[in-house]
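For reference, the chains in residue letters:
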Amino acid sequence: MSRSRRRSPYPSRIFLLVAMLVCLAVSGCGQGDADKEKATAKAPAAPAVMVAAKKPVVADVPVTAEFVGRLAAKENIEVRARVEGYLKERLFTEGAIVKRGDLLFVIEPRQYQESLRKAQAELSRQQALLSKAQVDFGRFEQLYKQRAVSRDEYDTKFTNQRELAANVESAKAAVETAERDLGYTKVTAPITGRIGKALVNVGNLVGKGDNTLLAEISSIDPIYVDFSISERDYLGFVAAMQERDGKEQEFPLTLVLADDSVYPQKGEADMAERAVDAKTATLGVRGVFPNPKGLLKPGQYAKVRALLDTRQGALLVPQRAIVDIQGSKSVYVVGPGDVIEAKAVTLGGSKDGSFVIDSGLTPSDLVVVEGVSKVRPGVTVKIAPEPATAATAPAAAPVKP
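The residue numbers shown here count from 1 along each chain, following its written sequence. Reporting in this predicted model follows two pLDDT cut-offs: at least 70 for local features of residues, and 80 or more for side-chain atom pairs to be given and counted; totals over whole chains, interfaces and linings ignore these cut-offs and use all residues. Think of the side-chain values as coming from all heavy atoms in the structure, minus any hydrogens and water.

1. What about the packing of helix α3 (residues 110-145) against helix α4 (residues 151-184)?
What counts is decided by this rule: The angle between two axes is taken between their N-to-C directions and runs from 0 to 180 degrees, where each axis is a line fitted to C-alpha atoms and a helix contributes only its stretch in contact. Numbering of helices and strands runs from the N terminus; a helix is a DSSP stretch of H or I covering at least four residues, while a strand is a stretch of E covering at least two. Between 65 and 115 degrees an angle is taken as roughly perpendicular, under 35 as roughly parallel, over 145 as roughly antiparallel, and anywhere else as oblique. Left-handed describes a crossing in which the near helix is turned anticlockwise from the far one by less than a right angle; the clockwise case is right-handed. Basically, the charged four are Asp, Glu, Lys and Arg, the nonpolar ten are Ala, Val, Leu, Ile, Met, Phe, Trp, Tyr, Cys and Pro, and anything else, Gly included, counts as polar.
Packing of α3 against α4 leaves a shortest axis separation of 8 Å and a crossing angle of 160°. Regarding the angle of α3 to α4, the classification is roughly antiparallel. Helix-helix and strand crossings are classified by hand; for α3 and α4 the assignment is left-handed. Classifying every residue of the contact of α3 with α4 gives 20 nonpolar, nine polar and nine charged.

Have a look at this one:
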């Protein structure tokens, strides 16, 4: 009996300790679940992203093609010395506008004046001889009819008259040549245009052995622009040349200068080359522009815009609304429940901050134009109100194909 009463108290204490630990563990787990539920209840819902969206602009949009061109004068004239002599005078300002017939250079004329006087004197002598021969022949003709002179004498007088008449014609030609050579000593402008610098100084011998180049003149108004189009553009032009009523369509040209300013005068296509260049696969085209103020100069480079067509009822969206992922173009639209959807689109051209959409959109789609980088498909958004002043629709802005 005494032994059983002295049994160790440790098993009871161990049991009590284990029970307490279990209770604490259960209590801790319950508290953790409660905290989680409370945190979940207090966490706010994710806010909707604020974006700006609007429907595509529907407008009739001109379609243009753009090419690089180079200006050229309609006429480039070389002013040359046509007779030999020393250059006596230069009577123009280099780089100025000269009119047709203006005196530009004077070549020393004295030797040609002397040649003209000699030719005129020889002509007078031959005319005098011819006059006497004609009188003699008339007298001999009467005597021959009266059989007072022989046939040989008559024929001699007739032949002499014919020879002197030929000499007179030769003397007249010599006078004309001398007058022409004397006239060549005064070098005049063959056209109206801008003259360059003088290529020969006063006092130099010109015209010896060849026609010395004295200066060059380029016409001003109108002026040409030469540019090349690809075979594809050429075929597009051909397809557009015939309208529905069968009449040829005009393609007005616009010139954009090196400083990106637009030349105020419109031009038109003047001609096209007879064949496509096999090396470059391009066709040379020439346009013509009015140039009344002389602003355009030969040799300038400029961009030529050609109006190809007018796209009826085109859809336009701002360029910033286009999403480009590895070459695939798409836009974000606001769908039912203000949830973002992505739509693949085909672009038809761009101009002045807008893209023409060929396919993939409808006029009723609400396109995200601000905040594109903040959204993804499936995201709920809030649409910001439009500003008080509505942006002007680029209805008349031409687009490049």
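2. Examining the pattern of salt bridges
Put simply, the rule reads: For this analysis, a salt bridge means a side-chain nitrogen from Lys or Arg found within 4 Å of a carboxyl oxygen belonging to Asp or Glu. Burial status follows relative accessibility: with a 1.4 Å probe on protein chains alone, a residue under 20% of its type maximum counts as buried, one over 50% as exposed, and anything between as partly exposed.
Counted under the stated rule, the structure contains 11 salt bridges. Residue R80 pairs with E78 through a salt bridge whose shortest N-O separation is 3.0 Å. Overall, R80 belongs to the partly exposed group, its relative accessible area being 34%. On the accessibility criterion, E78 (43% relative accessible area) is partly exposed. K172 is the partner of E169 in a salt bridge, and the nearest nitrogen-oxygen pair spans 3.9 Å.

3. Section: the pairing of strand β14 (residues 282-289)
Defined as follows: Any two strands between which DSSP finds at least two bridges are classified as paired.
For β14, the tally of buried residues reaches six of eight residues, placing the bulk of the element in the interior. Pairing of strand β11 (residues 223-230) with β14 involves eight bridges; the strand directions are antiparallel. Note that in β14 the partner of I223 across the bridge is F289. As paired strands, strand β13 (residues 268-272) and β14 are joined by four bridges and run antiparallel to one another.

4. Some thoughts on unusual backbone geometry
Note that the residue after D221, namely P222, is joined by a cis bond; omega there is 0°. Considering the arrangement of structural elements, one finds P222 in the loop between β10 (213-218) and β11. One non-glycine residue, D260, adopts positive backbone phi at about 70°. Residue placement: D260 occurs in the loop between β12 (253-256) and β13. Residue classification places D260 among the exposed residues on the basis of a relative accessible area of 54%.

5. Observations concerning the sheet that holds strand β9 (residues 205-206)
Across the sheet, which stays open at both edges, the four strands sit in the order β7-β6-β4-β9 with antiparallel pairing between neighbours. Unpaired on one side and paired on the other, β7 (186-188) and β9 mark the two borders of the sheet. Two elements, strand β4 (residues 85-90) and β9, share two bridges in a ladder whose sense is antiparallel. Residue Y86 lies in a different strand from β9, and its bridge partner there is L205.

6. Re the packing of aromatic side chains
We count it as follows: Ring pairs are drawn from Phe, Tyr and Trp, using the six-membered ring of Trp, whenever the two centres fall within 6.5 Å, and their geometry is named by plane angle: stacked under 30 degrees, edge-to-face over 60, tilted for the rest. Here, over-ring charges are defined by two tests on the NZ atom of lysine or the CZ atom of arginine: distance to the ring centre within 6 Å, and angle to the ring normal within 35 degrees.
For the structure on display, the rule yields three aromatic pairs. Between F67 and F227, the aromatic rings sit 5.6 Å apart at their centres with planes inclined by 20°, giving stacked as the arrangement. Here F67, found in strand β2 (residues 57-73), pairs with F227, found in strand β11; they are 160 residues apart in sequence, far enough to count as distant. Taking 6.4 Å as the distance between ring centres and 75° as the angle between the ring planes, the aromatic pair formed by Y263 and F289 counts as edge-to-face. Remark: F289 occurs in strand β14 and Y263 occurs in the loop between β12 and β13; sequence separation between them is 26 residues. Accessibility classification places Y263 together with F289 in one group, the buried group. One residue, R90, lies across the ring of F92, its end atom 5.4 Å from the ring centre. When the ring centre of Y224 is taken as reference, the NZ or CZ atom of R286 above it lies at 4.0 Å.

7. What to know about a nonpolar patch on the surface
Just so we agree on the cut-off: Patch rule: a residue counts if its relative accessible area is over 30% and it has no salt bridge; like charges are joined within 9 Å, and nonpolar side chains (Val, Leu, Ile, Met, Phe, Trp, Tyr) within 5 Å. We get accessible surface area from the Shrake-Rupley algorithm with a probe of 1.4 Å; when it comes to residues, only the shown protein chains can shield them.
On the surface, Y234, L235 and V238 cluster together to form a nonpolar patch covering roughly 280 Å² of accessible area. Overall, L235 belongs to the exposed group, its relative accessible area being 55%.

8. What to know about the side chain of S219
Let me state the cut-off plainly: Any pair of N or O atoms that falls within 3.5 Å is considered a polar contact. Within protein, one atom must be able to donate a hydrogen and the other to accept it, and sequence-neighbouring residues count only if both atoms are side-chain atoms.
Looking at the secondary structure, you find S219 in the loop between β10 and β11. In terms of polar contacts, S219 uses its side chain to reach the backbone amide nitrogen of K74, at 3.4 Å. For S219, the side chain forms a polar contact with the main-chain nitrogen of E75, separated by 2.9 Å.

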